[in-house]
Amino acid sequence: MPSRIRVRIGDVVAEGQLFGEEAPRTVQALWERLPIRDRTIQARWSGDAWRTEGNYELLDENAPVENPAGRLTAGDIIYYPGYNSGLLKVAIAYGPAQWLAPFMVPLAVTYLGRLDTNVDDFVRRCQRIIFGGPLDVEISRAA
């Protein structure tokens, strides 16, 4: 089962562990889709997190959300299968966050994994997204 990914934002690289046992179908689908080259978009209502600009359909619309996430902390990696809103996003928290719709309604997301290397530098770089705008991001398999 796949286990490690690399996330590059600008000149900062962090790696993390995917939770293949907790979310096997979603993690496998993400693994098969890698690499993802996209831009970060600040999560509007969800706190300190960004999402991909592009959509990534990892599972069928009727697939259950595996390993549901609640409150997130820096380095948490999630997948939002928002078929109703047309948003199918990979997202990463860089501080306290919870995936929310407008009016603070929690949304079901899959907790895919967690960054565990270079998290402090990753957080410092991501904190500039809210003021500086989108950044290029590459999510790939770690060697």
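Structure shown above.
The present account deals with the structure reproduced in this document. (Residues numbered from 1 in each chain as written. Predicted model: local features only at pLDDT ≥ 70, side-chain atom pairs only at ≥ 80, totals over all residues. Heavy atoms only, no water.)

Another point: the packing of aromatic side chains. Evaluation of the coordinates by the stated rule reveals two aromatic pairs. Judged by centre distance (4.9 Å) and plane angle (80°), the rings of Phe 19 and Tyr 111 are edge-to-face. Placement of the pair is Phe 19 in the loop between strand E2 (12-18) and helix H1 (24-33) and Tyr 111 in strand E10 (residues 110-117), with a sequence separation of 92 residues. A single burial state applies to Phe 19 and to Tyr 111, both of which are buried. Taking 6.1 Å as the distance between ring centres and 50° as the angle between the ring planes, the aromatic pair formed by Tyr 80 and Trp 99 counts as tilted. With a gap of 19 residues between them, Tyr 80 in strand E6 (residues 76-82) and Trp 99 in the loop between strand E7 (87-98) and strand E8 (100-101) connect regions that are remote in the sequence. (Phe/Tyr/Trp six-rings, centres within 6.5 Å; stacked < 30°, edge-to-face > 60°. Helix = DSSP H or I, 4+ residues; strand = E, 2+ residues; numbered from the N terminus. Buried < 20%, exposed > 50% of the residue type's maximum accessible area, 1.4 Å probe, protein only.)

The biggest cluster of nonpolar side chains holds 34 residues, and the ones touching the most others in it are Val 7, Trp 50 and Phe 122. Looking at this core, the elements with two or more residues in it are strand E1 (4-9), E2, H1, E6, E7, E10, helix H2 (119-126) and strand E11 (136-141). By size, the runner-up hydrophobic cluster in this structure holds 13 residues, among which are Phe 19, Leu 72, Ile 78 and Tyr 80. (Core = buried A, V, L, I, M, F, W, Y, C linked by side-chain atoms within 4.5 Å.)

Moving on, we get to the pairing of E1. Across the two faces of E1 the burial differs, with Ile 5, Val 7 and Ile 9 buried and Arg 4, Arg 6 and Arg 8 not buried at all. In the sheet, E1 pairs with E2 via six bridges, with the strands oriented antiparallel. Within the sheet, the bridge partner assigned to Ile 9 lies in E2 and is Val 12. Adjacent in sequence and paired antiparallel, E1 and E2 are bridged by two residues, among which Gly 10 carries a positive phi angle near 60°. Inspection of the sheet shows E1 paired to E11 by five bridges, in the antiparallel sense. In the sheet register, Arg 6 faces E11, and the bridge partner there is Ser 140. (Pairing = 2+ DSSP bridges.)

To continue, consider the pairing of strand E4 (residues 47-52). Here strand E3 (residues 36-42) pairs with E4 via three bridges, running antiparallel. Pairing of Gln 42 across the sheet is with Trp 50, part of E4. Here E3 hands over to E4 after four residues, the two strands then running antiparallel side by side. Sheet topology note: the E4/E7 ladder contains four bridges and is antiparallel. Counted as the bridge partner of Trp 50 is Ile 92 from E7.

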